[in-house]
Amino acid sequence: MNYVIIGGSAAGVTAAETIRKQDKESSVTLISDEEFALYSRCLLTYFIAGTINEDKLYFKDKNFYKENDVKTYLGKKAVSIDRKKKSVSLEGGTKISYDKLLIATGATPKSVDIPGIEKKGVFTVRKIDDARAIINMLDSVKEIAVLGGGLIGLRDAYALRQRDKKVTVIVKSPQVLSQMVDMDAARVIASILEKNGIKIMTGVAAKEITGKGSVEGILLDNGERLACQLVVIGKGVKPNTEIASVAGLKVEDGIVVNEFLQTSDKDIFAAGDVAETYDIARESKRINALWPCAIEQGEVAALNMLGEKKTYDGSLSMNSVDFFGLASISMGITKPKEEKKYEIISRTGENSYKKFILKDNRIVGMVLVGDIRPAGVVSALIKNKIDVSSIKEKIVDDNFNYAKIMPVVKEFGDKFKQEEFRDTVLSFK
Amino acid sequence: MKTKDQKPKTKDIKIYCDITKCVGCRSCEIACAVEHSKSKDIFSAVREKPLPKKRVTTENIGAKIISLHCQHCEDAPCIKACMSGALSKDEKTGATLHDKEKCVGCWMCVMVCPFGAIVRDIENHIAVKCDLCPDRDEDYACVEACPTGALFTGTKEEFEKKIKGRKK
């Protein structure tokens, strides 16, 4: 068998590892358009902040490819797939034939369509080269503007503030993290950022990036001008579906896959930020471009490439951030559109905020700011779709923990997918 | 109670809590913190800065109590969520290992641990979890310290046998 994987990040590398664990004979080939391999993109903002050095960016051993006998084409972009001949073409003309192919091409940062975007000093943060370029510029930069007040924008701003730069975040919405949390939680998070010297401007957008060759400032849509020497666009990502759509695979928001992560071609699979999978909380298709989802999908796709019939349980949106010691976690549906269909249980403290979103007595989402201890236990209730009517009142309590759900574990034992749940209630009568 | 047994090193063996016997005395918590102190001596450990961190907690289930720690899940959600490569599986022993050098304190593991068994070490800004007492050759510190025999090291079959015997 010839297994070919396009993409060298979380999903692609996990797939290569999973295949090799079970099949020592077949050939496994991995193609990545980046030369620097096996690094974790999620760590790039820590790298920019100066918290870690390049050596700590690896999420696998440096010798991973060698040790797992994976043939690599690094720094080579896959440009097309010939489904009839079952081969992948690389830039420069090399052709690689496959029996089973995984598309794990990931995503690209969204840009903004404003004049001046091409100037020197405008960045997105997605690849190691972006991070290196930003770090190289830092000495000559005093003021930085970050466009976007979502998770990506705030993470970028937090990293740069740790380099003692004057950072301003420009947010189109009336609040930060508008897709993730409501106004109350956003206020708590924004206030810790501002207390630590990050300026947040809401309800405004950048109209133009000004300067001669390099960035000198930003013109805002309210007429204000902002001096800055570096602009970081942190506005989310879009999936790299082009190679799939050109090959005639079914693509909607992302590459459409079935429960086996198989695309509309039975020999081609997709995983990670490029794949549109079943979302557990929303019960519909969605791209959840997140590290844990990419790892899970890489594994499940690989098992199916190997011929096992392994069903993917589905993805779940989830995020964890920590700004200046204030931890926040969000999961599933956090801002339901039709509020009437949901039950909301929440509690606001001085520096903390908890919100649980329920539908038909099942938790489908949560937001925790400050105290994140209950997150994991609640994540199990969400993932396993557990009826929580008997413990509902307890979930906002300060001491809500695993023990509080044990009666439910006892009652619905089989609904919890991991065996370890049952181990904990063996003596619980 | 097994106290002087060799520390178990196979996949099938884990630490169980017999809920009918746990009285919530927190001896397991103290023993765990001491085991993870620099001195490994309780009188010196209480003066260490930062204070050593426990990796086991006693929690109430109504009137009952459980001593709970990392279950070293076979298919561990924390390992899949860890984006820095700090969490990994020891294929031989089945232990879920945490490398504090690689941990950046992103709390992705806290977010997905179904047992709430990974907590934040705020002073050092890293995650903390049960590491199965790597410095010990004898039984785990929490199990050894348990005065009621609620904590038990063994296979599932052995534990089931133990709790069946107790009912007669």
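Conventions we followed
Residues numbered from 1 in each chain as written. Chains lettered and ligands numbered in written order. Predicted model: local features only at pLDDT ≥ 70, side-chain atom pairs only at ≥ 80, totals over all residues. Heavy atoms only, no water. Patch = residues over 30% accessible without salt bridge, like charges linked within 9 Å, V, L, I, M, F, W, Y side chains within 5 Å. Areas by Shrake-Rupley, 256 points an atom, 1.4 Å probe, with all protein chains shown as cover. Salt bridge = Lys/Arg side-chain N within 4 Å of Asp/Glu carboxyl O. Lys, Arg positive; Asp, Glu negative; His and termini not counted. Charge placed at Lys NZ, Arg CZ, Asp CG, Glu CD. Helix = DSSP H or I, 4+ residues; strand = E, 2+ residues; numbered from the N terminus. Buried < 20%, exposed > 50% of the residue type's maximum accessible area, 1.4 Å probe, protein only. Axes fitted to C-alpha atoms, helices over the stretch in contact; angles between N-to-C directions. Left-handed = near helix turned anticlockwise from the far one by under 90°. Contact = heavy atoms within 4.5 Å. Nonpolar A, V, L, I, M, F, W, Y, C, P; charged D, E, K, R; others polar. Pairing = 2+ DSSP bridges. Phe/Tyr/Trp six-rings, centres within 6.5 Å; stacked < 30°, edge-to-face > 60°. Lys NZ or Arg CZ within 6 Å of the ring centre and 35° of its normal.

J.: Outline a negative patch on the surface, supporting the account with residue identities and numerical values.
T.: Residue and element names in this part refer to chain B. Together, D12, E157, E158 and E160 line one region of the surface with negative charge. Checked against the element boundaries, E160 lands in helix α6 (residues 156–167). The partly exposed category is assigned to E160, whose relative accessible area is 32%.

J.: Before we move on, could you go through the packing of helix α1 (residues 10–22) of chain A against helix α8 (residues 291–305) of chain A and cite the residues and values that matter?
T.: Residue and element names in this part refer to chain A. For the pair α1 and α8, interaxial distance at closest approach is 7 Å and the crossing angle is 35 degrees. Of the two elements, α1 crosses α8, and the hand of that crossing is right-handed. Across the interface between the two elements, A10, A11, T14, A15, T18, I19 and Q22 of α1 pack against W291, A294, I295, G298, E299, A302, L303 and M305 of α8. Of the residues that constitute the contact of α1 with α8, the class distribution is 10 nonpolar, 4 polar and 1 charged.

J.: Tell me about the pattern of salt bridges, and please be specific about residues and values.
T.: The tally for this structure, following the rule as stated, stands at 40 salt bridges over all chains. Across the pair D129(A) and R132(A) runs a salt bridge, and its minimum N-O distance is 3.4 Å. Taken together, the positions of D129(A) and R132(A), both in helix α4 (residues 128–137) and 3 residues apart, correspond to about one turn of that helix. With relative accessibility at 28%, the residue R132(A) sits in the partly exposed group. Note that E29(B) is salt-bridged to R26(B), the shortest N-O span being 3.0 Å. Taking relative accessible area as the criterion, E29(B) reaches 7% and is therefore assigned buried. In the salt-bridge network here, residues are joined through shared partners; they are E35(B), K40(B), D135(B), R136(B), E138(B) and E144(B).

J.: So what's going on with the sheet that holds strand β15 (residues 225–227) of chain A? Which residues, and what values?
T.: Residues and elements named next belong to chain A. Strand order in this open sheet of 3 strands is β13-β14-β15, and the pairing throughout is antiparallel. Of all strands in the sheet, those with a lone pairing partner are β13 (206–210) and β15, marking the two edges. If you compare each strand with its neighbour and ignore which way they point, the axes differ by 20 degrees on average. Across 3 bridges, strand β14 (residues 217–220) lies against β15 in antiparallel orientation. Paired with L219 across the strands is R225, a residue of β15.

J.: An account of the packing of aromatic side chains is needed here, citing residue identities and associated values.
T.: Two numbers describe a pair of aromatic rings. These are the distance of the centres and the angle of the planes. Going through the model one piece at a time under the given rule, you end up with 12 aromatic pairs over all chains. On the numbers, 5.5 Å between centres and 40 degrees between planes, the contact of F36(A) with Y58(A) is tilted. Residue F36(A) is located in the loop between β2 (27–32) and α2 (44–49), and its partner Y58(A) is located in the loop between α2 and α3 (64–67); the two are separated by 22 residues in the primary sequence. Note on F36(A): relative accessible area 17%, which makes it buried. Judged by centre distance (5.3 Å) and plane angle (70 degrees), the rings of Y158(A) and F323(A) are edge-to-face. With Y158(A) in helix α5 (residues 151–161) and F323(A) in strand β22 (residues 318–323), the pair connects residues that are 165 residues apart, well separated along the chain. Both residues of the pair, Y158(A) and F323(A), count as buried. Among the aromatic residues, ring-to-ring pairing joins Y402(A), F416(A), F421(A) and F115(B) into one connected group. Against the face of F36(A) rests R132(A), its NZ or CZ located 4.9 Å from the ring centre. Over the ring of F260(A) we find K309(A); its NZ or CZ atom is 4.4 Å from the centre of that ring.

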